[in-house]
Amino acid sequence: IMLCAHWDTRPWADSDPDKANHYKPVPGANDGGSGVGILLEIARQLSQVPTALGVDIILFDAEDYGRHADEWRDAVEGEETWALGSKHWAHNTHVKNYKARFGILLDIIGAPNSTFYLGGYSMQYAREIVAKVWNCANRLGYSKYFKMYEGGLITDDHVHVNRILGIPCIDIINCDPQSPNGFGPHHHTVKDNMDWIDAFERNFKCNSTNLFTSKEYTSYRNRNRKWKINSNPDAIAKIDSLKGMIKTATKDGLLFIPGGSFYVRSATPEEKQLL
Ligand code: AHN
Ligand code: ZN
């Protein structure tokens, strides 16, 4: 299985509402830092759990070098300026005749309330993998994020993996049909920074509301602040021990239940396969 993301960030914030920022670089915490972060964590977890599957993690450069929005008039018909790194890699794979059963590309996946639609190219080239992943996400309770609706055709690294190498590869990418550029308010702006990243702590909080109160959680969040406002040591100890419990349980199977609560139990063999 091949897992991939792009690690470059866009050199120009050409969707920024302030035109003065159009030639400043995008910090890129979400686009593409988030995918890289998730893959590094997956790598760490895979190193701790023996698995019979081979997993290749590939990070592409120059995904976001696509033509500047203010320079469209210079465009040449048929030019390809996006996803250059994956195109180069697909023509020059790191090992000869590289093959994977399928691939999953992660792009712009870090913001809270991200929504992932069934991508046009993913459906065209790898609809069985789309079905596998979207069904799995829905079974695990993530239907809020993984929408069973078609999104548009999005040119991204997976297109070259499909077209040049014939490896069925899907793209999990945040789309926001409501926003003018289709990708959310911070996309290709100077605001694509860590403020947009849904940290473990925030996730942890919204998935465990029945285990501690928000007051206790405030204590916990304030534990490392200079001014320990509302910082109650009992609450900190309680949440620390919950976190320890979750770390242990994750190895075995941790189930998140939609609606703001979780419970922990051993995963069934069937669930272990999903996890
Ligand atoms: C298009 O805008 C056509 N593709 C952009 C895909 C992308 C940009 N992924 C990250 N940044
Ligand atoms: Zn981008």
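Residues numbered from 1 in each chain as written. Chains lettered and ligands numbered in written order. Predicted model: local features only at pLDDT ≥ 70, side-chain atom pairs only at ≥ 80, totals over all residues. Heavy atoms only, no water.

Draft legend 1. A look at the coordination of the zinc ion (ligand 2). Within the first shell, the zinc ion (ligand 2) binds the protein through D31 (OD), D64 (OD), D64 (OD) and H188 (NE2), at distances of 1.9 to 2.4 Å. Read in sequence order, the donor residues coordinating the zinc ion (ligand 2) give the pattern D-x32-D-x123-H. Of this pair, D64 sits in the loop between β2 (56-60) and α2 (84-91) while H188 sits in the loop between β6 (169-173) and α5 (200-206), and the two are 124 residues apart along the sequence. For the pair D64 and H188, a shared accessibility class is recorded, and that class is buried. (Donors = N, O, S within 2.8 Å, 3.2 Å for Na, K, Ca; no water. Helix = DSSP H or I, 4+ residues; strand = E, 2+ residues; numbered from the N terminus. Buried < 20%, exposed > 50% of the residue type's maximum accessible area, 1.4 Å probe, protein only.)

Draft legend 2. Inspection of the packing of helix α3 (residues 120-139) against helix α4 (residues 157-165) at higher detail. Packing of α3 against α4 brings their axes to within 10 Å, and their N-to-C directions diverge by 25°. The orientation of α3 with respect to α4, classified from their angle, is roughly parallel. For the crossing formed where α3 meets α4, the hand is left-handed. Two secondary-structure elements touch here, α3 through Y121, S122 and Y125 and α4 through H158, V159, N162 and R163. (Axes fitted to C-alpha atoms, helices over the stretch in contact; angles between N-to-C directions. Parallel < 35°, antiparallel > 145°, perpendicular 65-115°, else oblique. Left-handed = near helix turned anticlockwise from the far one by under 90°. Contact = heavy atoms within 4.5 Å.)

Draft legend 3. The arrangement of helix α1 (residues 29-48) in detail. Between its first and last C-alpha atoms α1 spans 27 Å; for 20 residues at 1.5 Å apiece the expected length is 28 Å, and the two agree. Those residues of α1 that sit buried are A29, N30, D31, G32, S34, G35, V36 and L39. Buried residues in α1 make contact with β1 (2-6), β2 and β3 (103-107). (Expected span 1.5 Å × (residues − 1).)

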